[in-house]
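Spelled out from the first residue to the last, the chains are:
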Amino acid sequence: MKRFLGLSIVLILILSLAGPLTVAEDLQRYKDVEGTVKLDFYFVVGVAGPLATVMDNMVEQFNEEHPNIKVNPVYCGNYNDTMAKVQSAILSGNPPEVFVVEISELYTLLGIDGIIPLDKYIEKEGGEEFTSQYFQALYGNAKAKGHIWGQPFQRSTPILYYNKDLFAKNAEELRAVGLDPNRAPRTWFELERYAEILTERKNGKTKTWGLILPGGWNDWIFEGFTYQNGLPTLIEDGEVSHFDSLKVRQALKFWYKLTNEIKASPPLKPWTETPMAFNAGNVGMMYYSTGGLPLVRKQSDFDFGVAFQPMHVEYGVPVGGGDFHISKGISPEKQDAAWEFIKFMTSPEMAAYWSRESGYICINKKGLELPEMQEYLEKYPNASVAADQLQVAHSKIMAPGFQEIRKTFVANLDKLMQGKQGPIETQKKLHKEVQNILDQY
Amino acid sequence: MLSVLKPGKNKFLTIVLFLLPSLAFLGLFTYYPIISSFHLSFFRSDPFTPKPIFVGFQNYIEFFHNPVFWQVITNNVIFAVATIIPTMLLALFFAILIDEVVVKSFFRGALFLPKVVPYAALAMIWVFLYEPSIGPINRFLDLLGLPSIGWLGSSEYSLLAIIITMIWRNFGYYMLIYLAGLQNISRDLYDSARVDGASWWKRHLHVTIPLLGPSTLFVFVVSIIQSFKAFTQVQLMTRGGPGYSSSILIYYTYEFAFKFWKMGKASTLTSIMILMLIFLVILAFGIYGRRITYEMR
Amino acid sequence: MLTRAGKWVKYTILTVSSLITLVPFYFTIIMAFKAPKQILSGRYLLPPLHPTVDNFLRVFGAAPFLTYLLNTVLVVTGILLLQLLVIIPAAYVFARIDFPFSGAVFGLYVIQIMLPLQALIVPNYRVINTLGLVNTRLALILPFVGSGYCAFLLRQTFKQVPQSLVDSAIIDGCNHFGLIRHIFLPLAKPTIAVFSLISVATHWNDYLWPLIITDNDSVRTLTIGLGMFVQHQSGADWGLLMAGTLFITGPLVLLFLFVQRSFIESFMSSGIKG
């Protein structure tokens, strides 16, 4: 039958499209055509994110300025997905040459022997002189075992956003208890009062939430509360859990109070929906990454402010975000080219451009001095809060098996925030489970 | 050359030649994987143990002592039961209704349409419907004076929220299966039941439902398998959360494999999943077995 | 005989239920044509007065959805064609040739129906990895080729072909290939159509397998592209999401509306025989 023959022909056509196309891609990847070094760059952002375009522009400029290197950006979705992709690529022996993943993954990357130290490159660029142009607080998560393994790039700290209009609306009540409606709370005590006053209920329904402690990355936000309570670190050297500290318990108790006793925060608002909820205008304050700034700026039609996160014993937040890494098992030429790329992306101009577009910290101090950055900061004074907060920032927790730790961390906080589990039980479980995971390695 | 494949000649060669391609695919992507996952389930294999170490039943024992594992299994059972029963009842109910009215095609089409929606799209649509502050469902509840529900963000409701989406998508399909089954039932049976004075309910209870046994078996088996496949909604709507409240076995396995990269433990979970599936399917055929054999031939 | 009241009740129940079932579609469509501000304000319940196609433009601007579409089409047709190619001869053997243990061998195909690939992602990932096919379209196709379901349906159909037809073709000098081409396939056309619709609808929907096996825009499929939409770091932009949702659902819904009859009949018959 002719049709059957036709069928087979179509089939062959399709297979030729499906097969060789990718083989050709692979060949291109490994054979440097005419001396061009090709680099795959795995990057954290959804394909649809507005940041994908920004990143495209930056990579394009790099490719133009470096005719012998061609970087191919691959967008891998959020931090979890990107790490999964990078891990699978490394373990299957086919790593991307250069990538950005969440800073807490460093020990896992070292565990699977996937990256090279950057010391020799940094040395070549002038050592301290080179690193001193970056905020030093950011290197905390890039260092381990006496080496520097990552170059800070897409970095943030969580900040406190507040709705000035709502503050003004509640001015009288706030003044009545001695609070200033023109500024954000500075201490946990004040935070609680503000949140309580701003929360507005009608017929048992909450019309206005005092604040949002978002879900999804509540582990990161909570980490800040332990630092504000004076804890130096939650996990020491990737080995010892300090979740049993009294300071953790107090922070858990405070969260329990905010979410379950005065019910000032909606339970577990998904991370991606949190800025939208804040932008809708009926939320007083929001704990969120500085990366949310562009969205709030664009969408809110009220006056908003940002501030340091309130202190208890002291000010403190974890740093967050992602660093550049260079893969092991690839040729030295590729590694050198990858370093060129990293250097370019963290240069003053690029760091400043990235910061303006993304809301992340301008990691390069020289970038802050550029005229276009000065102009931008004048226009949006909010934008410098996250960087200023670096003075009081701690390194984020790092450990092998971080994904597992994060999973149980989030799961237990979820239960606490929904009132399913009291602070003491939460602490007990967290400490036990985290220490168990750490002991495996 | 093709003349060697004449009927009656070289029977053995024909059989081998005709079966080999498909058997190769089955072997490579179904049976070898099953064997290899049972094999690896006895090893410790994670990012820090690149060469798997034999640990015997340790992976199994660790799971059996892990409350999270049991929560996930419980979720899976709840998920299966709470999707299968309402879906089957709705499907049966609407099949009978449509069977009894004259204008069929619009209703059939409308109720079936959700089945055409890919799960990824379904997740997106329902995430919006469930949105707690501006989403339509909570606004509807508000209209009725009922309290808002946290849906995807609450431990009590997250699994239910996913179950509802499963029912929405699938009952129309099972309705079609039942409709097909109804066509095989002789009208005479109803007529004689009616002569006996049986009411609408009685007629269906005593005539329709027993005779739809084969369809029910099919629906049951397909839904069981479905409940082990429901990854997309979990990943896109709740990521198994809050906590582990909407984690089901397939999602839990995915996390061990592709998030924690613990291939040994992920293989253990895969093996457990295979055993559960086989057990359930055998059970289903055991219950209905005899009645179905005639139908399946 | 139906009483008048009974008839009314039935139609009312059916109409209301159908409308409820269709509500999610309604929201998807209207939201896709609305500007973000309209949605955020919460006043989105009615169709937009000034519909905007801006969301669709942004969808195409933000992600290579046409590439995704092409990939999806390639993958689903590739799966279907290969399935038919390898399964037709097998089904023929099971239906028409007696050999020892044929029942047991056929059992291997039936068991496969009960073991969805989703359950086997972990070992299958390792197989594909060993073959060096991670991140290729081929990897999206191969694991689905050995379809037990297809074998099941076709064997049923082939069994019903009258032996007299076969005998006379043999006298005319047909070999097995000839028999399949001239006798079995033409008679199995309806079954093949049924299976094709089901196969396409199923694999258009695949998510988990492509999710773990692809990490590159050039091989990603529509469902993965849509999944990536929700997961960017900040902000759920409902208009944009719904536009994307509409784009990946549209082709299937249109296919359904055009061939509703055969679609419905396919799915109806999927049960009796499967």
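The residue numbering used here restarts from 1 in each chain and proceeds along that chain's sequence as written. For naming, the first written chain is A and the first written ligand is 1, with later ones following in the order written. Only residues with pLDDT of at least 70 are given local features in this predicted model, and only at 80 or more are side-chain atom pairs given and counted; all residues enter the totals for whole chains, interfaces and linings. In computing side-chain values, all of the structure's heavy atoms are included and hydrogens and water are not.

Student: A description of the overall build of chain A should follow, citing residues and the corresponding values.
Tutor: Broken down by element type, chain A carries 20 helices and 16 strands. Using C-alpha atoms as the atom set, the radius of gyration is obtained and then compared with a globule rule of 2.2 Å times the number of residues to the power 0.38. For chain A, the C-alpha radius of gyration of 24 Å lies close to 22 Å, the compact-globule estimate for 441 residues. The principal-axis extent of the C-alpha atoms belonging to chain A is close to 80 × 65 × 45 Å. Only protein chains enter the accessibility calculation, which uses a 1.4 Å probe; a residue whose area is less than 20% of its type maximum is buried, one above 50% is exposed, and one in between is partly exposed. Here chain A holds 441 residues, and the buried ones make up 61% of them. Contacts between residues were defined by any pair of non-hydrogen atoms, one from each residue, lying within 4.5 Å. Within chain A, residue pairs in contact and separated by at least 24 positions form 75% of the contacts whose partners lie at least 6 positions apart. Using a 1.4 Å probe, accessible areas were evaluated by the Shrake-Rupley method; residue-level cover was limited to the displayed protein chains. Roughly 16,700 Å² of accessible area belongs to chain A as shown, and the carbon and sulfur atoms make up 52% of that amount. Only four residue types enter the charge count, namely Lys and Arg as positive and Asp and Glu as negative; His and the chain termini do not. In plain terms, the charge of a residue is placed at NZ if it is Lys, CZ if Arg, CG if Asp and CD if Glu. Side chains of chain A give 45 positive and 54 negative charges; the mean places of these two sets differ by 8 Å. Only DSSP runs of H or I with at least four residues qualify as helices, and only runs of E with at least two residues qualify as strands; both kinds are numbered from the N terminus onward.

Student: Help me get a handle on the overall build of chain B, residues and values and all.
Tutor: Looking only at helices and strands, chain B has 13 helices and two strands in total. In terms of overall dimensions, chain B is more spread out than a globule: its C-alpha atoms have a radius of gyration of 24 Å, far above the 19 Å expected for 297 residues. Taken over the C-alpha atoms alone, chain B extends approximately 75 × 75 × 35 Å along its principal axes. Here chain B holds 297 residues, and 61% of them are scored as buried. At a minimum sequence separation of 6, the contacts of chain B that also span at least 24 residues come to 67%. For chain B, the computed accessible surface area is about 12,200 Å², with 71% contributed by carbon and sulfur atoms. The averaged location of the 12 negative side-chain charges in chain B is 12 Å from the averaged location of its 22 positive side-chain charges.

Student: Can you break down the sheet that holds strand 15 (residues 320–326) of chain A residue by residue, with the values?
Tutor: All names here are of chain A. For two strands to count as paired, DSSP must find a minimum of two bridges between them. Spatially, five strands are ordered 2-1-3-15-6 in an open sheet, and the strand pairing comes out mixed. If you trace the sheet from one side to the other, it starts and ends with strand 2 (69–75) and strand 6 (151–156), each paired once. Shown here is a sheet whose adjacent strand axes are inclined to one another by a mean of 20°, direction ignored. In the packing of helix 3 (residues 79–91) onto the sheet, the strands contacted are strand 1 (37–43), strand 3 (98–102), strand 6 and strand 15, and the crossing angle to strand 3 comes to about 135°. Note on definitions: angles span 0 to 180 degrees between N-to-C directions of axes, and those axes are lines fitted to C-alpha atoms, for helices only across the stretch in contact.

Student: Which residues make up a negative patch on the surface, and what values do they have?
Tutor: Residue and element names in this part refer to chain A. Where like charges cluster on the molecular surface, the negative patch consists of D56, E60, E64 and E65. Structurally, D56 is set in helix 2 (residues 50–65). We classify D56 as partly exposed; its relative accessible area is 33%. What goes into a patch is any residue over 30% in relative accessible area without a salt bridge, connected to like charges within 9 Å or, for nonpolar side chains (Val, Leu, Ile, Met, Phe, Trp, Tyr), within 5 Å. A carboxyl oxygen of Asp or Glu within 4 Å of a side-chain nitrogen of Lys or Arg is what we treat as a salt bridge.

Student: Please provide a residue-by-residue account of the nonpolar core, values included.
Tutor: As used in this record, nonpolar core signifies buried Ala, Val, Leu, Ile, Met, Phe, Trp, Tyr and Cys residues forming a set joined through side-chain atoms within 4.5 Å. Counting 211 residues, the largest nonpolar core has Y109 and F158 of chain C as the members making the most contacts within it. Filtering out sequence-adjacent residues up to four positions away, F158 of chain C remains in contact with I88, A91, Y92, A95, R96, F184, L185 and A188 of chain C. If you look at the next biggest cluster of nonpolar residues, it comprises 123 residues, including F130, L198, L211 and F304 of chain A.

Student: Talk me through the side chain of N170 of chain A; I want residue IDs and the actual numbers.
Tutor: Residues and elements named next belong to chain A. Among the secondary structure elements, N170 is positioned in the loop between helix 7 (164–169) and helix 8 (171–176). Relative accessible area serves as the criterion here: at 13%, N170 is assigned to the buried category. Those residues in contact with N170, other than ones at most four positions away along the chain, are I197 and L198.

Student: Any details on the domain arrangement of chain A? Residues and values, ideally.
Tutor: All names here are of chain A. Residue ranges for the domains originate in an automatic or database domain assignment. Partitioning chain A into domains gives domain 1 (29–156 + 320–394) and domain 2 (158–319 + 399–440). Computed from C-alpha coordinates alone, the two centres of domain 1 and domain 2 are separated by 28 Å. If you look at the interface, domain 1 gives 32 residues, while domain 2 gives 33 residues. Summed over both sides, the interface between domain 1 and domain 2 buries roughly 2,500 Å², with carbon and sulfur atoms accounting for 59% of that surface. Buried area is understood as the total, over both parts, of accessible area removed when two parts are fitted together, assessed with a 1.4 Å probe. Contact with domain 2 buries area across many residues of domain 1, yet N382, Q389 and H394 alone supply 27% of it, more than any other trio. Within 3.5 Å is the distance limit for a polar contact, defined as a pair of N or O atoms, with the added protein rule that one can donate a hydrogen and the other accept it, and that residues adjacent in sequence qualify only through two side-chain atoms. Inspection of the domain 1/domain 2 interface yields nine residue pairs in polar contact (both at pLDDT 80 or more). When residues of the side of domain 1 that touches domain 2 are traced back to their parent elements, those giving at least two are helix 3, helix 4 (106–111), strand 6, helix 15 (348–358), helix 18 (385–388) and strand 16 (393–394).

Student: I'd like a description of a nonpolar patch on the surface, backed by residues and values.
Tutor: A cluster of nonpolar side chains, namely V77, V81, I85 and L89 of chain B, defines an oily patch on the protein surface of about 360 Å² accessible area. Judged by relative accessible area, L89 of chain B falls into the exposed class, the value being 54%.

Student: Tell me about unusual backbone geometry, residues and numbers included.
Tutor: The residue D237 of chain A is not glycine, and still its phi comes out positive at about 50°. Judged by relative accessible area, which is 57%, D237 of chain A ranks as exposed. Unusually for a residue other than glycine, R239 of chain B sits at a positive phi of about 50°. By secondary structure assignment, the location of R239 of chain B is in the loop between helix 11 (231–238) and helix 12 (249–259).

Student: Hey, could you go over the packing of helix 1 (residues 4–32) of chain C against helix 13 (residues 238–258) of chain C for me, with residue numbers and the actual values?
Tutor: Residues and elements named next belong to chain C. Where helix 1 contacts helix 13, the two axes come as close as 8 Å, and the packing angle between them is 115°. The chirality of how helix 1 crosses helix 13 is left-handed. Packed against helix 1, whose contacting residues are T28, I29, M31 and A32, the element helix 13 presents W238, G239, M242, A243, T245 and L246 at the interface. Left-handed is the label given to a crossing in which the near helix is rotated counterclockwise from the far helix by less than a right angle, and right-handed is the label when the rotation is clockwise.

Student: Lay out the side chain of E102 of chain A with the relevant residues and their values.
Tutor: Turning to its location among the elements, E102 of chain A is positioned in strand 3. A polar contact of 3.0 Å, which involves the side chain of E102 of chain A, links it to the side chain of K396 of chain A.

Student: How would you explain the sheet that holds strand 7 (residues 158–163) of chain A if you had to name every residue and give the values?
Tutor: Residue and element names in this part refer to chain A. An order of 8-9-12-7-13 is seen for the five strands of this open sheet, with the pairing classed as mixed. Single-partner strands in this sheet number two, and they are strand 8 (200–202) and strand 13 (304–307). Direction aside, neighbouring strands of the sheet carry axes that sit 25° apart on average. One ladder, built from three bridges, connects strand 8 with strand 9 (residues 205–212); its direction is antiparallel. Within strand 9, the position partnered with K202 by the bridge is K205. On top of the sheet, helix 9 (residues 188–198) reaches strand 8, strand 9 and strand 12 (283–289); it is set at about 130° to strand 12, its chief contact.

Student: Can you tell me about the interface of chain C and chain B, naming the residues and giving the values?
Tutor: Many analyses report the size of an interface as the accessible area lost when the parts associate. Contact with chain C, which involves 98 residues of that partner, is made by 98 residues of chain B. For the chain C and chain B pair, buried surface summed over both sides reaches about 8,600 Å², with 78% attributable to carbon and sulfur atoms. Linking chain C with chain B are one salt bridge, by the criterion used here. Close ionic contact of E100 of chain B with K10 of chain C constitutes a salt bridge, the shortest N to O distance being 2.6 Å. Across the chain C-chain B interface, the total number found is eight residue pairs in polar contact (both at pLDDT 80 or more). In terms of residue count, the dominant contributor to the side of chain C that touches chain B is helix 1 of chain C (14 residues). Classifying every residue of the side of chain C that touches chain B by side-chain character gives 69 nonpolar, 25 polar and four charged. In the scheme used here, Gly and all other residues not listed as nonpolar or charged are polar, with Ala, Val, Leu, Ile, Met, Phe, Trp, Tyr, Cys and Pro taken as nonpolar and Asp, Glu, Lys and Arg as charged.

Student: Describe the packing of aromatic side chains, and please don't skip the residues or the numbers.
Tutor: Residues and elements named next belong to chain A. Any two of the Phe, Tyr and Trp rings considered here, Trp counted by its six-membered ring, make a pair once their centres fall within 6.5 Å; the pair's planes then place it as stacked at under 30 degrees, edge-to-face at over 60, or tilted in between. In the structure shown here, the tally under the stated rule is 81 aromatic pairs over all chains. On the numbers, 6.1 Å between centres and 40° between planes, the contact of F225 with F254 is tilted. Of the two residues, F225 is situated in helix 10 (residues 218–228) and F254 in helix 11 (residues 246–261); the sequence distance between them amounts to 29 residues. Look at F254 and you get buried, because its relative accessible area is 8%.

Student: So what about the pattern of salt bridges? Which residues, and what values?
Tutor: Applying the stated criterion across every chain yields a total of 21 salt bridges over all chains. The closest approach of N and O atoms between K269 of chain A and E131 of chain B, which form a salt bridge, is 3.8 Å. Of the two residues, K269 of chain A sits in the loop between helix 11 and helix 12 (274–279) while E131 of chain B sits in the loop between helix 5 (119–130) and helix 6 (136–143), which places them in two different chains. Using a relative accessible area of 6% as the deciding quantity, one classes E131 of chain B as buried. Across the pair D46 of chain B and R44 of chain B runs a salt bridge, and its minimum N-O distance is 3.1 Å. Connected through shared salt-bridge partners, E192, R193, E196 and K257 of chain A make up one network.

Student: Quick one: what's the story with the packing of helix 3 (residues 67–100) of chain B against helix 10 (residues 213–229) of chain B, residue by residue and with numbers?
Tutor: Residue and element names in this part refer to chain B. For the pair helix 3 and helix 10, the least separation of the axes is 9 Å and the interaxial angle reads 145°. Here helix 3 and helix 10 pass one another in a crossing that is right-handed. Contacts between helix 3 and helix 10 pair N76, F79, A80, I84 and M88 from the former with T216, V219, F220, S223, I224, S227 and F228 from the latter. Taken together, the residues of the contact of helix 3 with helix 10 break down into eight nonpolar, four polar and no charged.

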